[in-house]
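Chains, contacts and geometry: an overview
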Amino acid sequence: MNRTNIDIIKFVSPEIIFGMNAISQVGESALRLGAKKIFVVTDCGVKSHSWVKKVLLYLDQAGLEYQVWYDLTSNPKDTEVARGAEEYLASKCDAIVAVGGGSPIDTAKSIATIATNGGKIQDYEGINKITRPLPPMIMVSSTAGSGSEVTQFAIIVDKQRKKKMTIISRSLVPDIAIIDPQLLQTKDAQLTAATGVDALSHAIESYVSLAANPLSDVRAMDAIRLIAENLRESVACRTNMRAKSAMFMASLQAGLAFSNAILGATHAMAHQVDGLLDLHHGETNAILLPYVMEFNLISCADKYRKVAMAMGENVTGLSKQDAAQKAISAVRRLAEDIGINYGLSAMGFKKEYIPELSKNALHDACIITNPRDADAEDLARIFYKAL
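Below: a short report on this structure. (Residues numbered from 1 in each chain as written. Predicted model: local features only at pLDDT ≥ 70, side-chain atom pairs only at ≥ 80, totals over all residues. Heavy atoms only, no water.)

The strand order across the open sheet built from 6 strands is β1-β9-β6-β4-β2-β3, with neighbouring strands paired in parallel fashion. Strands at the two margins of the open sheet, each flanked by one partner only, are β1 (15–18) and β3 (65–69). Taken pair by pair, the neighbouring strands of this sheet meet at an average axis angle of 20°, ignoring direction. Where strand β2 (residues 37–41) meets strand β4 (residues 95–100), 4 bridges bridge the pair, whose relative direction is parallel. From the neighbouring strand, Val 41 faces β4, where its bridge partner is Ala 98. Together, β2, β3 and β4 form the strand contacts of helix α3 (residues 51–61), whose direction differs from that of β3 by roughly 160°. Sitting on the sheet, helix α5 (residues 102–117) is in contact with β2, β3, β4 and β6 (137–141), with an inclination near 165° to β4. (Pairing = 2+ DSSP bridges. Helix = DSSP H or I, 4+ residues; strand = E, 2+ residues; numbered from the N terminus. Axes fitted to C-alpha atoms, helices over the stretch in contact; angles between N-to-C directions. Contact = heavy atoms within 4.5 Å.)

Quick look at the packing of aromatic side chains now. All chains considered together, the criterion is met by 5 aromatic pairs. On the numbers, 5.1 Å between centres and 75° between planes, the contact of Phe 153 with Phe 258 is edge-to-face. Within this pair, whereas Phe 153 is found in strand β7 (residues 153–158), its partner Phe 258 is found in helix α8 (residues 241–261), the two being separated by 105 residues in sequence. With respect to burial, Phe 153 and Phe 258 carry one shared label: buried. Aromatic pair Phe 349 and Phe 383: ring centres 5.5 Å apart, planes at 25°, arrangement stacked. Of the two residues, Phe 349 is situated in the loop between α12 (320–337) and α13 (354–361) and Phe 383 in helix α14 (residues 376–386); the sequence distance between them amounts to 34 residues. The burial state of Phe 349 is the same as that of Phe 383; both residues are buried. Among the aromatic residues, those joined into a ring-pair cluster are Phe 39, Trp 69 and Tyr 88. Across the ring face of Tyr 207, the terminal group of Lys 303 is positioned such that the distance to the ring centre comes to 4.3 Å. Cation over ring: Arg 332 sits above Tyr 291, and NZ or CZ is 4.9 Å from the ring centre. (Phe/Tyr/Trp six-rings, centres within 6.5 Å; stacked < 30°, edge-to-face > 60°. Buried < 20%, exposed > 50% of the residue type's maximum accessible area, 1.4 Å probe, protein only. Lys NZ or Arg CZ within 6 Å of the ring centre and 35° of its normal.)

Structure follows, in structure tokens:
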């Protein structure tokens, strides 16, 4: 794939409602989409806070019926999607609202897919395999990281194969994304750090992606700048709303960038690790990203030079290669500053996993747009360095 050969650029995005108390718009938004009864998808962690109660209050005020479903885990599984789709059909709901981070949102998208297209979620692994329209979807995001509230992606674990499936389709772009920085106040420092670096990996990988375009580039660069300026402060303090708001905007921009430009080897590899060990995706990305950047450097040094500049590095007088190295150093320093200063082995990853996971990563949709060709031996070397 080469930018010079792209004649047409397409850019997909939902309607976006962003700002303090934006959550209050959920009832009116559902009414505008013609909904009568809402299937609310969330998880136990989010349900324990007040945000789900607030969503239900606003649905009540709009005169809408609803049913709440939260039978899902982090790194959501194919079996959970199947149960959710059965519940959705039995409930006679006609629209879906997800409240939470990437796990509830990706599950909601997958439930919508099965409910209207039939079959099992494995049938839709890959690119553009959904053929029938999905029910109206509204996503209320509670983490500044996954960006799933604005993307055409859903990531679901196949329990039998112990791998994450990447499902990409324009049909998965939600109708409305509601992004309220207040929701970030209930996230602890560890989750804030992991999700923040996840957003950074989205921004950097989409910026150097072979499918990047001018519309995705501007969002990716703005996300990188915002993360470099605000992630440390967001991790440090739950009530720093300036930093929280900036991080939610960064996550939104990175989500729009990678939804349209796809990603790269970091995500192709992380999907295999997280599917096998049920780890937090953001932590895995944080560990792998600088090593993948080192591997990719010869393919996109000038873009990495610009990443370094967006992260506040002084590259004056440096060669292109030396300036690009500054981007890698800046990513490592940011991860260390927010407490992600360990390798894959500290997370239970073992050397013997590497040969199989390296081969599996070559079948992940994200590897297609990595800026440098990679084979299983290349990916294995990256895994060994990241131990």
